[in-house]
Amino acid sequence: MLKSNRRKFLASAFFLGIAGKIFGQDKQKPKADKTMIVHHVFFWLKNAGNEADRAKLLEGLRTLAAIKHVSKLQVGIPASTEKREVVDNSYDVSELMYFESLEAQAAYQKDPIHLKFVENYSHLWAKVVVYDMNVVS
């Protein structure tokens, strides 16, 4: 009889755990002491479409991965997705960075590797647009 009750208890606990996940009762809440920041930067080259300049800028962006405050770095070029009114693929190069906090993103801005990147590669771009986002989910 004891084994039967234990099995019923374990089965109930398992199914209640699954039900909680399915119905959203087990969602994690954001931590109050940390705010992840996503930093998305778009570059337009002075010599738009110039493959050598684009390759050089991509090379420079990859150096930013060495900055200890950067959690993750991705660099890329516009995708050949469907043309739609809401899609802006007029840029030449883009970088996407993740930071664990506002403080990490602020430290990145002052990091010598970032400052050297700006010094060595800013002659390549005509325009830069930055979108920073607090991750809320």
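Chemist: Which residues make up the packing of helix α3 (residues 102–110) against helix α4 (residues 112–121), and what are the values?
Modeler: At their nearest, the axes of α3 and α4 sit 5 Å apart, and the two run at 50° to each other. The orientation of α3 with respect to α4, classified from their angle, is oblique. Note on element contacts: α4 touches α3 through P112, H114 and L115, opposite Y108, Q109 and K110. Here the contact of α3 with α4 is composed, by residue class, of three nonpolar, two polar and one charged.

Chemist: Before we move on, could you go through the pattern of salt bridges and cite the residues and values that matter?
Modeler: Counted according to the given criterion, the structure contains two salt bridges. A salt bridge links R54 to E51, with the nearest nitrogen and oxygen atoms 2.8 Å apart. With R54 and E51 both in helix α2 (residues 51–62), this residue pair falls three residues apart, about one helical turn. Linking E59 and K56 is a salt bridge whose minimum nitrogen-to-oxygen distance equals 3.9 Å. Note that E59 and K56 are positioned in helix α2 at a spacing of three residues, about one turn of the helix.

Chemist: Outline the nonpolar core, supporting the account with residue identities and numerical values.
Modeler: Grouped together as the largest cluster of nonpolar side chains are 19 residues, with contacts concentrated most on F43, L57, L61, L64, F99, Y108 and F117. Secondary structure elements with two or more residues in this core: β1 (37–45), α2, β3 (93–99), α3 and α4. Broken down by element, this core gets its largest block of residues, four residues, from β1. Apart from residues no more than four positions distant in its own chain, Y108 is found in contact with H39, L64, I67, H69, V70, E95, M97, F99 and H114.

Chemist: Lay out the packing of aromatic side chains with the relevant residues and their values.
Modeler: All told, the structure shown has seven aromatic pairs when counted by the stated rule. Measuring from centroid to centroid gives 6.0 Å for F42 and Y131, while their planes differ by 80°, and the two rings are edge-to-face. Residue F42 is located in strand β1, and its partner Y131 is located in strand β4 (residues 125–134); the two are separated by 89 residues in the primary sequence. What makes F42 buried here is its relative accessible area of 14%. In this structure Y131 comes out as exposed when scored by relative accessible area, which is 53%. Taking the centre distance of 6.5 Å and the plane angle of 80° together, the rings of F43 and F117 count as edge-to-face. Taken together, the residues span a long stretch of sequence, with F43 in strand β1 and F117 in helix α4 at a distance of 74 residues. Judged by relative accessible area, F43 falls into the buried class, the value being 2%. Residue F117 is classed as buried on the basis of its relative accessible area, which comes to 4%.

About the criteria used
Residues numbered from 1 in each chain as written. Predicted model: local features only at pLDDT ≥ 70, side-chain atom pairs only at ≥ 80, totals over all residues. Heavy atoms only, no water. Axes fitted to C-alpha atoms, helices over the stretch in contact; angles between N-to-C directions. Helix = DSSP H or I, 4+ residues; strand = E, 2+ residues; numbered from the N terminus. Parallel < 35°, antiparallel > 145°, perpendicular 65-115°, else oblique. Contact = heavy atoms within 4.5 Å. Nonpolar A, V, L, I, M, F, W, Y, C, P; charged D, E, K, R; others polar. Salt bridge = Lys/Arg side-chain N within 4 Å of Asp/Glu carboxyl O. Core = buried A, V, L, I, M, F, W, Y, C linked by side-chain atoms within 4.5 Å. Buried < 20%, exposed > 50% of the residue type's maximum accessible area, 1.4 Å probe, protein only. Phe/Tyr/Trp six-rings, centres within 6.5 Å; stacked < 30°, edge-to-face > 60°.

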